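# Chains, contacts and geometry: an overview
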Amino acid sequence: MLFLFTKYLSRGSKNAAAGDDDGKRQRQKQREMPAASASNGAADREHGCMPGCVPVRAKRTATVTTVTTTSARTSRHNFVRSAASGLFPGAPVFTNHESLPALPEAYSEFVSAFPQYGGLAGSADAIRDGEYRHLDRHVCLDYNGMNLFSHAQMNSSLPSTSAPAEPSAWQPPFFDIAYRSASLRSQVQQCGDGTAAASAAGGISGAVTRRITASLKIPEDEYTMVCTANRTTAFRLLAESYSFTPGGGRKKLLSVYDYESEAVGAMAQSARSRGAEVMNASFAWPSMRVHAADLRKKLLRGRRRQRGRGLFVFPLVSRMTGARYPYLWMSAAAEQGWHVALDACALGAKDLDTLGLSLLRPDFIVCNFFKVFGENPSGFAGLFVKKASVGALERSAVARSIGIVSIVPARRWSLRDDYSTDLEHSLTFPKAADPPTADDVDTTCSFSGPLSATATGRRTDEAENGDTPEICEVDRRPSEAEEDTRPWPAPAAVEAEEERMLEVECRGLDHADALGLIAIGNRLRCISNWLVVAMQKLRHPHPEHGGGKQLVRVYGPRVKFERGPSLAFNVYDWKGEKVAPALVQKLADRQGISLTCGFLRNIWFTDKYEADRSAVLEQASDGGGEAGIHVVNASLGFLSNFEDAYKLWAFVAKFLDADFVEKERWRYTALNQKTVEV
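Residues numbered from 1 in each chain as written. Predicted model: local features only at pLDDT ≥ 70, side-chain atom pairs only at ≥ 80, totals over all residues. Heavy atoms only, no water.

### Section: the pairing of strand β10 (residues 338-343)
Of all 6 residues that make up β10, 6 are buried, and the element is covered over most of its length. Alternating positions in β10 separate into two faces, W338, V340 and L342 on one and H339, A341 and D343 on the other, with burial throughout. Note that strand β9 (residues 310-315) and β10 share 6 bridges and pair parallel. Each bridged residue has a counterpart across the sheet, and for F312 the counterpart in β10 is V340. Each parallel crossover has a hand, and for β9 linked through helix α13 (residues 328-335) to β10 it is right-handed. In this sheet, strand β11 (residues 364-372) lies alongside β10 in parallel orientation, the contact comprising 3 bridges. Looking at the pairing, L342 lines up with I365 of β11. (Buried < 20%, exposed > 50% of the residue type's maximum accessible area, 1.4 Å probe, protein only. Helix = DSSP H or I, 4+ residues; strand = E, 2+ residues; numbered from the N terminus. Pairing = 2+ DSSP bridges. Right-handed = clockwise from strand over helix to strand, strands pointing away.)

Next comes the structure, spelled out in structure tokens:
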């Protein structure tokens, strides 16, 4: 050992001597190097170098990395500083709704504070003006999910009553959803089978799911999409199908929600009835951030089993407060043996394209799809199941009757009666590999949206004599002689032709794809932070009476680069008493603004804010359960613009008038009385 240590020291001394010799030669070369010319020196200074310096590759790489990191931090800091100090520089507060700046003036200040918004407004406003003209008549701040179709697309598919046409000349491009009786595990296994998946990929259902997965960039070779009636159904279906009580013992359900959710409540009830231990994360007051120590303790609670600790339900952003949560919680849960279910219903149109989700593959993903933004929120939900995690599911008799749906050909419009009550038999789509039977399909269908004109065809189905349905081109109806004499094509040729003919046009998804993740994220970031600052600028007048109290209290993150597009707030009168959120919602609806109400819960108070507990907490509407806070919620969509946020701000500012609520009550009573008299 002593010999090795001596040899190491001798080697170090030789290297040091060699280094001294190299340093001497380097200094000699620097003394012999001629002075750089003035032009070269100017060029070097322009690139940030001193005259005569020698660039080193390692140092240059380190410098670039440092500059990039510093630039990102500086950009975020500048954004917050611009939002906090650059908005309304000439008016510290507003005490009268009539003193608010006009819309053009407010927009000019907004663009000056957020210059990046100007380059993003053109393309989004062009899409809105051309395809969603109805949004100019009503401000829609109550939508969560992903938009499938545009308003113009829906209107173009409706029949025209001004010019009558032949019944065969117009085909309605719509589809329906029908309830199936199937378990989640069997549905995933059927779609995962090679032959069944190839056959099921055809048809209207396969066309819709392919279009959705392509827009969300969810790999089809890793995930299987199962359609459910709505978000609540998807959560309950997952809870009824997940193996909470395997042979290893009792598992857990851990959710991360700062508000009361109907879907999460249904999931918790199902899991509790199946023997699972239900836990919730807590959120620190007043920032409403995740209580990290408490969540980490719950993730480590219990022993790690071979088949997992349980189900970890995690949203990346709060649908109520707009607080964003780090991706690392999903990674930490997976490392501790949890199956991760990502709730993507509150995410933006392209938030699933982020780098974090491309690296972290959750076991389950729940997405919500509605027909038209600002027109009709009905639609369906998509439950994406990772094929490698199908072992965590079990067959359940209860799950068969919960709400798995199939997308089927539409019921057709009738020129005699507005809408027929039977499934359309004059339209056809490629036949699925496993057609639903009478036991599998409920005939109660609901309208779900349009298909492109190329997706529809004509068929004749003679069930009595057993003739096979025929698929023809849309613009050509074969004669009876052709139907009787024309030879049937081979099955492979029919499948290829069906695959070619069937296309689904989802302009809503197309518009989100055209704008992209960066444009949509920056647009909503600017608008939501402006709205937070604008709300905080509203104060009651007469400090001697009301003490200059704030009109609005915002819950969750204030001005923040990472905040989501949702805002939770309450309105207070000059006495400091909260105006009922339901009343604010009703008055906003009269002004052409749609809002929602929510209930914040799972709030944790530190010793510093323990005095606020009794002042802010209240009981739920049903009189039982955990205490929380009733709030008003405004959620921005990917097509929301600055004018929508300004209209909400101008409406809330009317509460600065102490008699605003009474005036609206008397006005509403007078209008109703006049209506009754007429």
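### Some words on the sheet that holds strand β18 (residues 596-600)
Taking strand neighbours across the sheet as the criterion, the 4 strands line up as β15-β16-β20-β18 in an open arrangement whose pairing is antiparallel. Here the strands that pair on one side only, and so sit at the sheet edges, are β15 (552-555) and β18. Strand-to-strand twist of the sheet, defined as the mean angle between neighbouring strand axes without regard to direction, takes the value 45°. Pairing between β15 and strand β16 (residues 566-571): 4 bridges, direction antiparallel. Across the sheet, V552 pairs through a bridge with V571, a residue of β16. (Axes fitted to C-alpha atoms, helices over the stretch in contact; angles between N-to-C directions.)

### Remarks on helix α11 (residues 262-273)
Its 12 residues give α11 an end-to-end C-alpha distance of 17 Å, which sits within 8% of 16 Å, the value for a rise of 1.5 Å per residue. For α11, the elements touching its buried residues are α10 (231-241), β5 (252-255), β6 (277-280) and β9. Downstream of α11 by one or two residues, G275 has phi in the positive range, about 95°. (Expected span 1.5 Å × (residues − 1). Contact = heavy atoms within 4.5 Å.)

### A closer look at the nonpolar core
One broad trend across soluble globular proteins is that nonpolar side chains are buried collectively. Ranked by size, the top nonpolar core spans 97 residues in total, and within it I212, L311, F312 and L352 carry the most contacts. Among the elements that make up this core, the one with the highest residue count is β11 (6 residues). Structurally, this core is a two-domain feature, drawing no fewer than three residues from each of domain 1 (73-155 + 512-677) and domain 2 (175-409). Once you skip the residues sitting within four places of it in the chain, F312 turns out to touch L254, V256, L295, L299, W329, M330, A333, W338, H339, V340 and A341. (Core = buried A, V, L, I, M, F, W, Y, C linked by side-chain atoms within 4.5 Å. Domains from an automatic or database assignment.)

### Notes on the pattern of salt bridges
Side-chain pairing between opposite charges can occur once the charged atoms of the two side chains come close. Per the counting criterion, the structure on display carries 21 salt bridges. For the salt bridge of R133 with D136, the shortest nitrogen-to-oxygen distance reads 4.0 Å. Residue classification places R133 among the exposed positions, given a relative accessible area of 52%. Judged by its relative accessible area of 38%, D136 is partly exposed. A salt bridge links E505 to R507; the nearest nitrogen and oxygen atoms lie 3.1 Å apart. For R507, a relative accessible area of 22% translates into the label partly exposed. Ionic contacts of the salt-bridge type, sharing partners, join the residues R128, R133, D136 and D644 into one network. (Salt bridge = Lys/Arg side-chain N within 4 Å of Asp/Glu carboxyl O.)

Remember, this is a structural readout, not a statement about activity or role.
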